[in-house]
Amino acid sequence: MRKKIIAGNWKMNYTLSQAEEFVTSIVKQINVDDIDVVLCPNFVSLDRVYDLICQTNVKLGAQNVHYEDKGAYTGETSIDMLISAGVEYCIVGHSERRQYFNETDEIVNKKVKKIIEKDLKAILCVGETLEQRNNNEMFKVVEDQLVKDLKDITKEQIKRNIIIAYEPIWAIGTGVTATSMQAQEMCKFIRSTIAKMYNENIAENIRIQYGGSVKASNAKELLSMEDIDGALVGGASLTNDFVAIVNYD
Ligand code: 13P
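Residues numbered from 1 in each chain as written. Predicted model: local features only at pLDDT ≥ 70, side-chain atom pairs only at ≥ 80, totals over all residues. Heavy atoms only, no water.

Some remarks on the packing of aromatic side chains
Centre distance and the angle of the planes are the two values used to describe a pair of aromatic rings. A full pass over the atoms with the stated rule returns 5 aromatic pairs. An angle of 45° between the planes, with centres 5.3 Å apart, marks the rings of Y14 and F22 as tilted. Through successive ring pairs, a cluster of aromatic residues spans W10, Y14 and F22. (Phe/Tyr/Trp six-rings, centres within 6.5 Å; stacked < 30°, edge-to-face > 60°.)

In structure tokens:
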């Protein structure tokens with residue numbers, strides 16, 4: 001039985017005081033132990049958010065990391081910095097980073113390796129554009145991302161450190177959610193690809209989230225699908241809707 005995992009990706013939203021106010025207001029209402037709940041604020045707010053959640057079941061995640069340990073990389077954040085702030089999860093390969101910051105699969109793979117080296121959990125995002133879906137290339141695109149992003153990752157490592165998030169780009173921030181059938185179909189495909197790359201047992205146990213306009217009104221349907229083990233929530237994770245999503249059942 002795979003434990004569900006619901007993560008809030010705040011993206012570039014909330015100042016320190018707004019983050020503090022928001023987390024204070026929601027954290028009391030998140031009282032689940034059968035689901036992993038992760039908040040991914042901006043770097044600036046990590047430490048403050050950690051203080052507010054460290055006595056609860058809610059975990060801290062980052063939205064990005066650099067693959068080098070330290071050095072002359074102006075504007076970047078290292079994995080040890082994240083660890084020192086209480087981070088346990090790190091989103092990697094989000095389509096916004098691929099699209100706006102030119103993150104290639106090679107870079108994503110280096111970041112995944114760094115996250116594994118320090119034994120954090122990577123939430124690895126994959127997904128196709130609308131054009132790729134319309135051309136029926138979505139399975140090929142996602143398979144290609146998985147193969148490249150997980151290059152040289154061992155069975156033990158994928159088992160212990162990797163969560164996959166299927167985020168169709170056309171559903172992110174658009175209000176258009178993939179239908180539960182479309183999301184299920186791709187999550188099942190991802191699982192079968194992992195089975196081919198590793199084995200059935202690993203595929204059966206890996207957790208696969210869906211992300212893209214998840215809201216309180218569609219969470220239950222999406223999360224009831226056989227191969228969907230959680231949600232990566234953007235816009236709705238900034239509001240009280242996140243509490244409703246976590247309490248979907
Ligand atoms: P939205 O929920 O705002 O569509 O964003 C999804 C997402 O990108 C989460 O990482």
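Having seen it, we continue.
Some points on the site of the ligand
Near the ligand you find N9, K11, H94, E167, A171, I172, G173, G212, S213, L232, G234 and G235, and these make up its full shell. One of the side-chain N or O atoms of K11 is found 2.8 Å from an oxygen atom in the ligand. At a separation of 2.8 Å, an oxygen atom of the ligand approaches a polar side-chain atom of H94. For the ligand, the protein covers 94% of the area, taking 310 Å² as the surface of the free molecule. Residues of the shell around the ligand, tallied by class, amount to 3 nonpolar, 7 polar and 2 charged. (Near = heavy atom within 4 Å. Polar contact = N/O pair within 3.5 Å; in protein donor to acceptor, adjacent residues only side chain to side chain. Areas by Shrake-Rupley, 256 points an atom, 1.4 Å probe, with all protein chains shown as cover. Nonpolar A, V, L, I, M, F, W, Y, C, P; charged D, E, K, R; others polar.)

Observations regarding the state of the cysteines
Tallied over the entire structure, the rule returns 0 disulfides. Here C40 stays free of any disulfide, with the sulfur of C90 as its closest cysteine sulfur at 8.1 Å. (Disulfide = S-S within 2.5 Å.)

A short note on the sheet that holds strand β7 (residues 207–211)
Within a sheet, adjacent strands bond to each other through the backbone by hydrogen bonds, running parallel or antiparallel. Read around the closed barrel, 8 strands run β1-β2-β3-β4-β5-β6-β7-β8, paired in parallel fashion. Between one strand axis and the next, the sheet turns through 25° on average, direction left out of account. Here strand β5 (residues 121–126) runs beside strand β6 (residues 162–166); their pairing, made up of 5 bridges, is parallel. The partner of L124 across the bridge, within β6, is I164. Across the sheet, helix α2 (residues 46–53) is in contact with β2 (35–40) and β3 (59–62); its angle to β3 comes to roughly 165°. Contacting β5 and β6, helix α7 (residues 138–149) crosses the sheet at an angle of about 150° to β5. (Pairing = 2+ DSSP bridges. Helix = DSSP H or I, 4+ residues; strand = E, 2+ residues; numbered from the N terminus. Axes fitted to C-alpha atoms, helices over the stretch in contact; angles between N-to-C directions. Contact = heavy atoms within 4.5 Å.)

With respect to unusual backbone geometry
What you tend to see is this: most non-glycine residues have negative phi, and most peptide bonds are trans. Unlike most non-glycine residues, Y14 shows phi in positive territory, near 80°. Tracing the backbone through its elements, the reader meets Y14 in the loop between β1 (4–9) and α1 (16–27).

Describing the environment of S17
Looking at the element boundaries, S17 is found in helix α1. In this structure, the C-alpha to C-alpha distance between S17 and L52, residues 35 residues apart in sequence, is 12 Å.

Here we look at α7
For α7, with 12 residues, the first-to-last C-alpha span of 16 Å sits near the 16 Å given by 1.5 Å per residue. Of the positions making up α7, those classed as buried are M138, V141, V142, Q145, L146 and D149. All buried residues of α7 project into a common sector of 130° when viewed along the axis, lining one side. Where α7 is buried, its residues meet α4 (95–100), α5 (105–117), β5, α6 (130–134), β6 and α9 (180–197). (Expected span 1.5 Å × (residues − 1). Buried < 20%, exposed > 50% of the residue type's maximum accessible area, 1.4 Å probe, protein only. Arc of directions from axis to C-beta.)

Observations regarding α9
In this model, α9 (18 residues) spans 25 Å end to end at C-alpha, consistent with the 26 Å of a helix rising 1.5 Å per residue. Residues S180, A183, Q184, M186, C187, F189, I190, R191, T193, I194 and A195 constitute the buried set of α9.

Description of the nonpolar core
Membership of the largest hydrophobic core comes to 73 residues, with the highest contact counts inside it found for I190 and I194. When sequence neighbours within four positions are dropped, the list of residues in contact with I190 reads V126, V142, L146, I164, Y166 and I208. (Core = buried A, V, L, I, M, F, W, Y, C linked by side-chain atoms within 4.5 Å.)

Here we look at the packing of α7 against α9
Two quantities define a packed helix pair, namely the angle between the helix axes and the distance between the axes. Put simply, α7 and α9 touch, their axes get as near as 10 Å, and they point 45° apart. As the angle between them shows, α7 and α9 are arranged oblique. Note on packing geometry: the crossing formed by α7 with α9 is right-handed. Every residue of α9 that contacts α7 at M138, F139, V142, E143, L146 and V147 is listed here: E185, M186, F189, I190, T193, K196 and M197. Grouping the amino acids of the contact of α7 with α9 by side-chain chemistry returns 9 nonpolar, 1 polar and 3 charged. (Parallel < 35°, antiparallel > 145°, perpendicular 65-115°, else oblique. Left-handed = near helix turned anticlockwise from the far one by under 90°.)

As for the pairing of strand β8 (residues 230–233)
What you see with β8 is no split at all: G230 and L232 on one side and A231 and V233 on the other are buried throughout. Direction of pairing for β7 relative to β8: parallel, over a ladder of 2 bridges. Note on β8: the bridge partner recorded for G211 is L232. Following the backbone out of β7, through helix α11 (residues 216–223) and into the adjacent parallel β8, one traces a crossover that is right-handed. (Right-handed = clockwise from strand over helix to strand, strands pointing away.)

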